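Descriptive structure summary
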Amino acid sequence: MASYEIDLSREIASAFSKDGLVVKGKRVILKPNFVEVHPGRPINTHIQVIANVAEACLKLGASAVIVGEASGHRRDPWFSVLNPDLRAVLDKRVKCVDLNHGDAVRVANRGLRTGLSSFYIAEPVMRGDILISLPKLKTHHWMGVTLSLKNLFGVLPGIYYGWPKNLLHFRGIDNSILDLAETIKVHYTVIDGVVGMEGDGPIMGRAKRAGALIMSPFSLAADATAARLMGFDPERIPYLATAGRFMPGLNGSHISFRGENPKRFATRFDCLDEFKSMRGGPFW
């Protein structure tokens, strides 16, 4: 994908169908990654990617499409899902919901690595039939990379967990990622890797063009492929390696690709020194 200006909604709809994702008559929740607002830094999922995925869902007959996010830093949703720039590119049938302020549903924690017996998940997410994760391709100054699994922090309301989800940080970010991945069903992942972030991500890094959308019905397969595209070995990233014990998709030899050969997009994202041991490749 050379530019965000290209309409890929038909191609995305086709990929959904070929991968067996049925959205007709379903209530679809799109979960982008909105963290902070710094002009010129590719921190957040690009609004055109969100619009393309929303349009694909409408083309396939979704009964409702809702863009929801519990932004980790900004309390004011004007900086995330209620921003007029996002609203302007979305079909009028698409609803935008701030997940930080509102009702939540208590759900048993299936992982228990954090010691938390349950999670309070934003009520719109729990009422949805299909959850599609739309993370940004970025490095992370604590975890190495932040992709689809880490994106699940944004379904937990800030009024319960603080900003930036302090309780999850206190219990261990890796533990929290894994518990959420084991507890919450993500039906499809579309990673915005057209322009990602390298260096001191997920906020203070630099733009890095990869020119790709990484799509999969398996979250870990998407994350592992994205990590390899960035020049990291997912089996050297502790939380991804651990996720491979209970989720499919870590082993690259078990992943089949439709569309472009990932080798075309393989690059090398700069990172902080403490994560250089996670590098690997070439993978293709």
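Everything below is about the structure shown above.
These figures come from a predicted structure and were not determined experimentally.

1. A short note on the environment of isoleucine 66
When you line up the elements, isoleucine 66 lands in strand β2 (residues 64-69). Assessed through its relative accessible area of 4%, isoleucine 66 is described here as buried. Spatially, the C-alpha atoms of isoleucine 66 and phenylalanine 246 are 29 Å apart, while their sequence positions differ by 180 residues. What isoleucine 66 contacts, discounting residues up to four positions off in sequence, is Arg27, Val28, Ile29, Leu30, Lys95 and Val97.

2. Concerning the packing of aromatic side chains
The tally for this structure, following the rule as stated, stands at 5 aromatic pairs. On the numbers, 4.8 Å between centres and 70° between planes, the contact of phenylalanine 16 with tyrosine 188 is edge-to-face. Residue phenylalanine 16 is found in helix α1 (residues 9-18), and its partner tyrosine 188 is found in strand β9 (residues 188-198); the two are separated by 172 residues along the sequence. The exposure class assigned to phenylalanine 16 is buried, which follows from its relative accessible area of 0%. For tyrosine 188, a relative accessible area of 0% translates into the label buried.

3. Digging into the side chain of threonine 183
For threonine 183, the position within the fold is in helix α8 (residues 173-183). Residue threonine 183 is classed as buried on the basis of its relative accessible area of 14%. A distance of 3.5 Å separates polar atoms of two side chains, one belonging to threonine 183 and the other to asparagine 109.

4. Structural notes on the nonpolar core
Within the largest apolar cluster, 52 residues are counted, with the highest numbers of intra-cluster contacts made by Leu137, Leu149 and Phe232. Of all the elements in the fold, those that place two or more residues in this core are β5 (118-122), α8, β10 (206-216), α9 (219-230) and α10 (238-243). Element by element, the count of residues in this core is highest for α9, at 6 residues. When neighbours within four sequence positions are excluded, leucine 149 is seen to be in contact with Ile177, Ala181, Ser219, Leu220, Asp223, Tyr239, Leu240, Ala243 and Met247.

5. Examining the environment of glycine 201
Position of glycine 201 among the secondary structure elements: in the loop between β9 and β10. The exposure class assigned to glycine 201 is buried, which follows from its relative accessible area of 0%. The spatial distance from the C-alpha of glycine 201 to the C-alpha of methionine 247 is 26 Å, given a sequence separation of 46 residues. When near neighbours in sequence (up to four residues on either side) are disregarded, glycine 201 contacts Thr139, His140 and His141.

6. A short note on the layout of surface pockets
Over the atoms a probe the size of a water molecule is rolled, and this reveals where empty space is left. Volume-wise, the largest pocket comes out at about 1000 Å³. Around the largest pocket sit 35 residues that line it, and Leu213, Ile214, Met215, Arg258 and Gly259 are the ones nearest its centre. Secondary structure elements with two or more residues in the lining of the largest pocket: α1, β10 and α9. Looking at which element gives the most residues to the lining of the largest pocket, the answer is β10, with 6 residues. For the lining of the largest pocket, a count of residues per class yields 20 nonpolar, 9 polar and 6 charged. Of the pockets and cavities examined, the second largest pocket occupies roughly 410 Å³. As for the second largest pocket, its lining consists of 19 residues, and the residues nearest its centre are Phe34, Val37, Asn44, Thr45 and Ile47. Residue composition of the lining of the second largest pocket, by class: 8 nonpolar, 7 polar and 4 charged.

About the criteria used
Residues numbered from 1 in each chain as written. Predicted model: local features only at pLDDT ≥ 70, side-chain atom pairs only at ≥ 80, totals over all residues. Heavy atoms only, no water. Helix = DSSP H or I, 4+ residues; strand = E, 2+ residues; numbered from the N terminus. Buried < 20%, exposed > 50% of the residue type's maximum accessible area, 1.4 Å probe, protein only. Contact = heavy atoms within 4.5 Å. Phe/Tyr/Trp six-rings, centres within 6.5 Å; stacked < 30°, edge-to-face > 60°. Polar contact = N/O pair within 3.5 Å; in protein donor to acceptor, adjacent residues only side chain to side chain. Core = buried A, V, L, I, M, F, W, Y, C linked by side-chain atoms within 4.5 Å. 1 Å grid on protein atoms, 1.4 Å probe; cavity = no way out; pocket = protein on both sides within 12 Å on 5 of 7 lines; lining within 4 Å. Points joined across faces, edges and corners; volume = space filled by probe spheres on them. Nonpolar A, V, L, I, M, F, W, Y, C, P; charged D, E, K, R; others polar.

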